[in-house]
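Spelled out, the chains give:
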Amino acid sequence: MNNTLTKKKKLGYAFGIFTESMVFNMFYTYYLTFLIEIVGIKPSFASIIIFISISWDGITDPLIGNITDRPGVDKRKTIKWSILPLVIAFTVAWTSFGAGFSSQLLKVIVYTVISMLIWIFYTTYSIPYYAIIPELTEDYDERTSIRSTSSFLNAFAIGIGNILPALVPTVAILLGEKYQSYSYAIIAAIISVLGVVLGFVCCKSLEGVYTPKQLPEGEEYEKVTLKKTLKSFGYILRLRPTKWFLFFVFTFLAGTSMIQANLTYMVIDCIGMEYDKGIAFVILTLVVSMAIIVPIVEKVAEKTDRRTATIIFLLIAVAGEIALKVIGLDFTIGNFKPMCIAAPAVLGFGSGAFWTLFYPMAYDLVELNEFKTGRRKESTITALPQLVQKFGSAFGILFAGLLLTLYGYDSSNDVAGKEALFTKVTDGRIISGMENISTVIPAALMGIAVICIAVYPMTRKRVGILMEALEKKRRGEEYSTEGLERLL
C-alpha cells in the first residue's frame with residue numbers, strides 16, 4: 001500500500017480503462033455483425049466463433065491471474081508489455097480478407113484463431129489493471145471511488161468503442177468500392193492508437209504509488225502450474241460468498257451482451273431507423289446515461305453499501321427492459337422514434353451501476369481469502385470473475401446468434417460483404433424475435449442476477465467486521481469471528 005495515491009494519480013490510472021474498454025465494446029457490439037454482414041458467415045457460426053475464442057481465453061485467465069499474483073511480478077510492467085500485442089491483434093481481427101473465402105469452415109477457423117489472440121492479450125492487460133487496486137488501498141469507500149472514476153471514464157470509452165465503428169458506412173463511401181472492405185480495420189486502427197497512448201498514461205501514473213509484492217523472507221518461489229492454479233481457484237470458490245457473486249456476474253453480462261450484440265438489428269429492424277442516424281442516437285444516449293448514473297451510484301453506495309445500490313439500480317433496469325417490450329421498440333411520436341433514446345438509457349442505467357460496483361465487490365474477497373488462508377491473491381480473485389464475465393458475455397452473444405437463426409434470419413448469401421448495405425428485415429416474426437433479444441430475454445437474465453446479489457452476504461457492516469478481525473490477525477492478536485458467520 002502507498003499513501004501517495006493522489007487524485008491526479010487516480011485519474012491517470014483510470015484512463016487505462018479506455019485501452020481495454022474500447023476493444024471490449026467494439027468487439028461485443030459489432031463483431032457478430034461484422035462476421036455476419038461483412039465476412040458472410042452464418043449467424044449461428046459467427047456466434048460460435050466468438051464463444052470459442054472467449055471460452056479459450058477463459059482457460060488462460062486463471063494462469064495469467066496466478067502468474068501475476070506471484071511475489072516480485074510487476075503488474076504495472078505486465079500491463080505495459082501487453083498493450084502493443086493487444087492492439088495489433090485487434091486491428092487484424094477487423095480485416096475482411098475472409099470475405100472472399102467460399103468455405104464457411106475456413107472462415108470460421110481463420111476468425112476463431114484471430115479472435116483467440118485478441119482475448120489472450122486482453123486478459124494479460126485487464127487482469128493486472130483491475131487487480132492492482134486492492135494493492136493500492138484497503139479502504140472500502142476509496143476502492144469504490146477509484147472504480148467510480150474509472151467507470152465514469154468508461155462511459156466515454158464505451159462511446160468511442162461504439163461511435164467510431166458506427167462511421168463505417170461513411171468511411172466506406174470515402175474509400176470507394178475498391179477499398180471499402182478496409183473500413184472496419186481503419187476504425188480499429190484508430191482505436192488502437194488511442195488505446196496505446198492512454199494505456200501508457202495509466203502505466204506512468206502508477207509510478208511511485210505501486211510496489212510489487214515481495215517474497216516473504218525464508219520462502220521460495222513456487223513454480224506456476226495448472227494444478228496449483230486450479231488449487232488456488234479452489235480455495236476462492238470455497239469461500240461462501242463467491243458462488244453468488246459469480247452467478248450474479250454471469251447472468252447480468254449474459255443479458256447485456258445479448259442487447260449489445262443485437263444493437264445494429266435493434267436500430268434498423270426493431271426501432272425502424274436509418275443505421276447512421278439511429279446508431280448515433282443510441283450510442284450518445286448510452287454514453288450520457290452511464291456518465292449521469294455513475295456518480296449517483298457511487299453516492300448511493302456510500303450511503304448504504306455496494307450490494308444495496310446494485311439491487312436498487314438493477315431492479316430499475318429490469319423494469320425498464322420489460323416496459324420497452326410492452327410499449328414496443330417501434331413506438332413512434334409523430335416522426336420521432338423515442339426508443340432510440342429509451343432503450344440505450346435503460347441499458348446504460350444497469351451497465352453503469354454494474355461496472356461501478358462489480359470490481360469493488362470482488363476486492364472484498366481478497367481480504368476474506370487472506371483471512372482464511374493467510375495469502376493475498378488479488379490477480380487470481382480478479383481473474384475468476386473475469387473468467388465468468390467472459391463466459392457470461394460469450395453465452396449472451398452465442399444465445400443471440402442462435403436465436404437469430406431460430407427466428408429465421410440469415411444474411412450469409414451476401415458473400416461479398418458490402419458493409420455499407422444493411423438489408424432491412426420485413427418478416428414480422430424475425431423482427432419480434434430481434435425485439436425479444438433486446439428486451440424481455442435479457443430482463444429475465446438480469447432478474448436472476450438481482451436474486452443472486454441479494455443473497456450475496458458481503459455487506460458494508462460485515463466487511464468492516466472482517467477488516468477489524470484481519471488487522472488483529474496480521475498483528476498476531478486475539479480476534480473474534482462474531483458477525484462473520486455468513487462469510488465463513
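In the block above lies the structure referred to throughout.
Bear in mind the structure is a predicted one, so any value in this text is a computation, not a measurement.

Visitor: So what about the overall build of the protein? Which residues, and what values?
Guide: A count of helices and strands for the protein gives 19 helices and zero strands. For 488 residues, the compact-globule estimate of 2.2 N^0.38 gives 23 Å, and the C-alpha radius of gyration of the protein, at 22 Å, lies within 12% of that figure. Expressed along its principal axes, the backbone C-alpha trace of the protein runs to roughly 70 × 45 × 40 Å. Across the 488 residues of the protein, 59% fall into the buried class. By sequence separation, contacts in the protein at least 24 residues apart represent 85% of the contacts at least 6 residues apart. Summed over its atoms, the accessible surface of the protein is roughly 18900 Å², and 66% of this surface lies on carbon and sulfur atoms.

Visitor: Break down the nonpolar core for me, citing the residues and quoting the values.
Guide: Grouped burial of nonpolar side chains is what soluble globular proteins tend to show. Formed by 149 residues in total, the largest nonpolar core has its most connected members in Leu 35, Trp 94, Phe 245 and Phe 248. In terms of residue count, helix α15 (residues 339-373) provides more of this core than any other element does, 17 residues in total. Those residues in contact with Trp 94, other than ones at most four positions away along the chain, are Met 26, Phe 27, Tyr 30, Tyr 31, Phe 34, Tyr 184, Ala 185 and Ala 188. Core analysis: the next-biggest nonpolar cluster, separate from the first, contains seven residues, Ala 155, Ile 158, Ile 259 and Leu 347 among them.

Visitor: Which residues make up a nonpolar patch on the surface, and what values do they have?
Guide: On the surface, Ile 322, Val 326, Ile 327, Phe 331 and Ile 333 cluster together into a nonpolar patch covering about 480 Å² of accessible area. Examined against the element boundaries, Val 326 turns out to sit in helix α14 (residues 306-327). Residue Val 326 is classed as exposed on the basis of its relative accessible area of 68%.

Visitor: Explain the environment of Tyr 182 to me, and be specific about the residues and the numbers.
Guide: Turning to its location among the elements, Tyr 182 is positioned in the loop between α8 (168-175) and α9 (183-205). Between the C-alpha atoms of Tyr 182 and Val 318, which are 136 residues apart in sequence, the distance is 39 Å.

Visitor: Run through empty space enclosed by the protein, naming residues and quoting values.
Guide: As enumerated under the stated definition, the model contains three cavities of 30 Å³ or more in all. Lining the largest cavity are 21 residues, with Phe 24, Asn 25, Ile 158, Gln 260 and Trp 355 positioned closest to its centre. Elements represented by at least two residues in the lining of the largest cavity include exactly α2 (17-38), α5 (104-131), α7 (140-166), α11 (242-261), α13 (275-303), α15 and α16 (378-406). In terms of residue count, α2 provides more of the lining of the largest cavity than any other element does, five residues in total.

Visitor: An account of the packing of α11 against α16 is needed here, citing residue identities and associated values.
Guide: Between two packed helices, what matters for the description is the angle formed by their axes and the separation of those axes. Viewed as axis vectors pointing N to C, α11 and α16 meet at an angle of 35°, and their least axial separation amounts to 7 Å. Taken as a pair, α11 and α16 cross one another with a handedness that is right-handed. When its residues are assigned to classes, the contact of α11 with α16 shows 17 nonpolar, six polar and no charged.

Basis of the calculations
- Each chain carries its own residue numbering, running from 1 in the written order of its sequence.
- Local features are withheld for residues below a pLDDT of 70 in this predicted model, meaning they are given only at 70 or higher, and side-chain atom pairs are given and counted only at 80 or more; totals for whole chains, interfaces and linings count all residues.
- The basis for the side-chain values is all heavy atoms of the structure; hydrogens and waters are excluded.
- Working definition: helices are DSSP H or I runs of at least four residues, strands are E runs of at least two. Numbering for both runs from the N terminus.
- The atom set for the radius of gyration is the C-alpha atoms, and the globule formula is 2.2 Å times the number of residues raised to the power 0.38.
- Each residue gets one of three labels from its accessible area relative to the maximum for its type: buried under 20%, exposed over 50%, partly exposed in between, using a 1.4 Å probe on protein chains only.
- When checking whether two residues touch, look at their non-hydrogen atoms; a contact exists if any pair is within 4.5 Å.
- Note on areas: Shrake-Rupley, 1.4 Å probe, and residue coverage restricted to the protein chains presented here.
- Here, nonpolar core refers to any group of buried Ala, Val, Leu, Ile, Met, Phe, Trp, Tyr and Cys residues whose side-chain atoms link them within 4.5 Å.
- What goes into a patch is any residue over 30% in relative accessible area without a salt bridge, connected to like charges within 9 Å or, for nonpolar side chains (Val, Leu, Ile, Met, Phe, Trp, Tyr), within 5 Å.
- The term salt bridge refers to a side-chain nitrogen of Lys or Arg lying within 4 Å of a carboxyl oxygen of Asp or Glu.
- Buriedness of a pocket was judged along seven lines, with at least five required to meet protein on both sides within 12 Å; pockets are open sets of points on a 1 Å grid over the protein atoms alone, cavities are sets where a 1.4 Å probe fits but cannot get out, and lining residues have an atom within 4 Å of a point.
- Grid points are joined across faces, edges and corners, and a volume is the space filled by probe spheres set on the points.
- Axis definition: a line fit to C-alpha positions, over the contact stretch in the case of helices; interaxial angles, taken between N-to-C directions, run 0 to 180 degrees.
- Each crossing gets its handedness from the near helix: less than a right angle anticlockwise from the far helix is left-handed, clockwise is right-handed.
- For this classification, the nonpolar set comprises Ala, Val, Leu, Ile, Met, Phe, Trp, Tyr, Cys and Pro, the charged set comprises Asp, Glu, Lys and Arg, and every other residue, Gly included, is treated as polar.

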